[in-house]
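# Remarks on the overall topology
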Amino acid sequence: MKERMVKEQTWTVQGKWVLITGATSGIGLAAAKALAAREAHIGIVARNPVKAQDAIAQIREAAAGQQIAVDLFLADMSSQSSIRHAAADIWARWPRIDVLVNNAGAMYVQRKLTDDGQEMTWAVNHLGPYLLTTLLLDRLKESGQARIITTASHGHKMARKGIRFEDPTAQRLYSFPQALLGGANFRYGETKLANILFTAELAKRLEGTGVSAYSFDPGLVATNFNQDNGLLARMTMAVMRRFSRTPEKGAETLVWLAESADVGGISGAYYADMQERTPAPQARDANAARQLWEVSEAQTRNSAM
Ligand SMILES: NC(=O)c1ccc[n+]([C@@H]2O[C@H](COP(=O)([O-])OP(=O)(O)OC[C@H]3O[C@@H](n4cnc5c(N)ncnc54)[C@H](OP(=O)(O)O)[C@@H]3O)[C@@H](O)[C@H]2O)c1
């Protein structure tokens with residue numbers, strides 16, 4: 001423990017290999033640029049090659065000519081086979097992973113199932129990060145003192161009753177009358193609760209490995225979030241923009257978790273504004289965290305490359 005603390009004090013993100021999902025816009029792009037400016041090697045996991053190339057150009061520009069790698073790994077985070085392909089590609093092309101950032105996220109107002117039969121918001125926001133992380137875990141462990149950071153949200157508080165494990169594809173939340181009462185928002189809340197519970201359980205399972213896990217709330221941030229859900233959603237987001245932070249401000253805690261020597265020894269906690277915070281009671285339920293892990297294992301077990 002003592003040796004680890006001494007090592008942590010020398011942690012710097014310069015020269016580290018940082019893999020980040022959802023870096024084609026918003027919080028992820030701002031974080032990737034900030035970390036590139038600190039001379040970290042950046043790998044982005046993205047589904048859209050055109051947007052990804054644009055993001056890569058911006059990240060390179062932020063690195064201002066420093067000799068860093070900026071690489072693209074293609075994956076649609078709603079597709080388990082796509083994630084498995086990307087993970088194999090990462091294993092083949094990247095020498096190490098010091099920081100994995102699970103940041104990609106979305107909210108689907110209409111219920112949609114993925115090719116794997118999972119509900120879309122759940123697949124992108126929780127199962128994708130779970131699968132990518134577990135597929136890369138051995139590489140993270142090899143790196144010695146790696147970190148896994150997952151973008152959660154204050155929105156986890158909406159899932160007051162916890163995750164409805166009895167309805168894994170959220171049929172009830174997307175049906176009358178729940179759908180009219182904001183069922184899709186509650187589903188999003190469940191997935192953000194899952195990010196926090198996943199982090200806590202992951203930290204437990206990683207004890208003694210040197211790999212730490214953190215989740216954080218970026219605050220309300222003006223990004224592309226919720227722009228594909230029709231006019232009403234876009235209008236709501238336009239109003240919320242007035243009260244929102246910039247993507248750079250939203251990425252601040254993520255960047256701090258990636259680069260700070262202070263957080264190195266702590267694992268499994270939830271942060272906001274560069275401070276540890278206590279999430280809602282349902283996000284501190286160790287039984288739910290264990291159950292979530294088992295359910296996620298079962299929901300990803302049978303997918304192929
Ligand atoms: N904005 C907020 O106020 C807020 C508050 C709390 C938490 N968050 C969380 O912050 C994270 C980032 O969101 P943001 O606000 O920065 O929104 P954003 O600008 O919409 O960025 C979302 C990112 O996720 C990627 N993504 C979405 N679905 C994907 C999929 N199926 N496969 C691969 N990538 C996918 C997007 O890629 P494309 O460019 O291809 O769409 C984009 O890079 C999310 O986890 C969100 O839940 C946001």
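Residues numbered from 1 in each chain as written. Predicted model: local features only at pLDDT ≥ 70, side-chain atom pairs only at ≥ 80, totals over all residues. Heavy atoms only, no water.

Let's shift gears to the overall build of the protein chain. Scanning the protein chain from terminus to terminus reveals 10 helices and eight strands. For a compact globule of 305 residues, the expected C-alpha radius of gyration is about 19 Å, and the protein chain comes in at 18 Å, within 12% of that figure. Projected onto the principal axes, the alpha-carbon positions of the protein chain cover approximately 55 × 40 × 40 Å. The burial tally for the protein chain puts 55% of its 305 residues in the buried class. Taking contacts inside the protein chain between residues at least 6 apart in sequence as the whole, the part at least 24 apart equals 77%. Carbon together with sulfur atoms contributes 51% to the accessible area of the protein chain, which is approximately 13800 Å² in total. Considering the protein chain, the positive charge centre built from 35 side chains and the negative charge centre built from 30 side chains are found 4 Å apart. (Helix = DSSP H or I, 4+ residues; strand = E, 2+ residues; numbered from the N terminus. Rg over C-alpha atoms; globule rule 2.2 N^0.38 Å. Buried < 20%, exposed > 50% of the residue type's maximum accessible area, 1.4 Å probe, protein only. Contact = heavy atoms within 4.5 Å. Areas by Shrake-Rupley, 256 points an atom, 1.4 Å probe, with all protein chains shown as cover. Lys, Arg positive; Asp, Glu negative; His and termini not counted. Charge placed at Lys NZ, Arg CZ, Asp CG, Glu CD.)

This brings us to the site of the ligand. In the vicinity of the ligand, 28 residues are found, and the nearest of them are Thr24, Ser25, Lys51, Tyr188 and Thr223. Val221 places a main-chain nitrogen or oxygen 2.8 Å from an oxygen atom of the ligand. Between an oxygen atom of the ligand and a main-chain N or O atom of Asn224, the distance comes to 3.1 Å. Summarising the interface, the protein chains cover 94% of the accessible area of the ligand, which totals 890 Å² for the free molecule. Of all the elements in the fold, those that place two or more residues in the shell around the ligand are helix H2 (26–37) and helix H6 (183–205). In the shell around the ligand, the residues fall into 12 nonpolar, 12 polar and four charged. (Near = heavy atom within 4 Å. Polar contact = N/O pair within 3.5 Å; in protein donor to acceptor, adjacent residues only side chain to side chain. Nonpolar A, V, L, I, M, F, W, Y, C, P; charged D, E, K, R; others polar.)

Together, Phe176, Leu180 and Leu181 make up an exposed nonpolar region whose accessible area comes to about 430 Å². Note on Leu180: relative accessible area 69%, which makes it exposed. (Patch = residues over 30% accessible without salt bridge, like charges linked within 9 Å, V, L, I, M, F, W, Y side chains within 5 Å. Salt bridge = Lys/Arg side-chain N within 4 Å of Asp/Glu carboxyl O.)

Taken in spatial order, the eight strands make up an open sheet running E3-E2-E1-E4-E5-E6-E7-E8, and their pairing is mixed. Edge strands, defined here as strands with exactly one partner in the open sheet, are strand E3 (70–74) and strand E8 (275–277). Each neighbouring strand pair of the sheet contributes to a mean axis angle of 25 degrees, computed without reference to strand direction. In terms of strand pairing, strand E6 (residues 212–217) meets strand E7 (residues 270–272) through three bridges, oriented parallel. When the sheet's bridge partners are listed, Phe216 is paired in E7 with Tyr271. Across the face of the sheet, helix H9 (residues 252–259) comes into contact with strand E4 (99–102), strand E5 (147–151), E6, E7 and E8 while running at roughly 170 degrees to E5. (Pairing = 2+ DSSP bridges. Axes fitted to C-alpha atoms, helices over the stretch in contact; angles between N-to-C directions.)

Further remarks concern the pattern of salt bridges. According to the stated counting rule, one finds 11 salt bridges in the structure shown. One salt bridge in this structure joins Glu119 and Arg187, with 2.7 Å as the shortest N-O distance. Of this pair, Glu119 sits in the loop between E4 and helix H5 (120–142) while Arg187 sits in helix H6, and the two are 68 residues apart along the sequence. Look at Glu119 and you get buried, because its relative accessible area is 0%.

Let us look at empty space enclosed by the protein. Counted under the stated rule, the structure contains one cavity of 30 Å³ or more. Its boundaries defined by the atoms lining it, the largest cavity holds a volume of some 40 Å³. Its residues assigned to classes, the lining of the largest cavity comprises four nonpolar, three polar and one charged. (1 Å grid on protein atoms, 1.4 Å probe; cavity = no way out; pocket = protein on both sides within 12 Å on 5 of 7 lines; lining within 4 Å. Points joined across faces, edges and corners; volume = space filled by probe spheres on them.)

What follows covers the confidence of the model for the protein chain. Mean pLDDT over the protein chain: 94, with 97% of residues reaching 70 or higher. Confidence drops under a pLDDT of 50 for residues 1–7, and excluding neighbours within four residues, the segment shows six contacts in the predicted structure. (pLDDT = per-residue confidence, 0-100.)

The next thing to look at is the pairing of strand E2 (residues 41–46). Counting buried residues in E2 gives six out of six residues, a clear majority hidden from the surface. Across the two faces of E2 the burial is the same, with His41, Gly43 and Val45 and Ile42, Ile44 and Ala46 all buried. Here strand E1 (residues 17–21) runs beside E2; their pairing, made up of five bridges, is parallel. Opposite Ile20, over in E2, you have Ile44 as the bridge partner. In this region the chain leaves E1, passes through H2 and returns to the parallel neighbour E2; the handedness of that crossover is right-handed. Both E2 and E3 contribute to a ladder of five bridges, which runs parallel. Its bridge partner lying in E3, Ile44 is registered against Leu72. One crossover worth recording links E2 to the parallel E3 by way of helix H3 (residues 49–63), and it is right-handed. (Right-handed = clockwise from strand over helix to strand, strands pointing away.)

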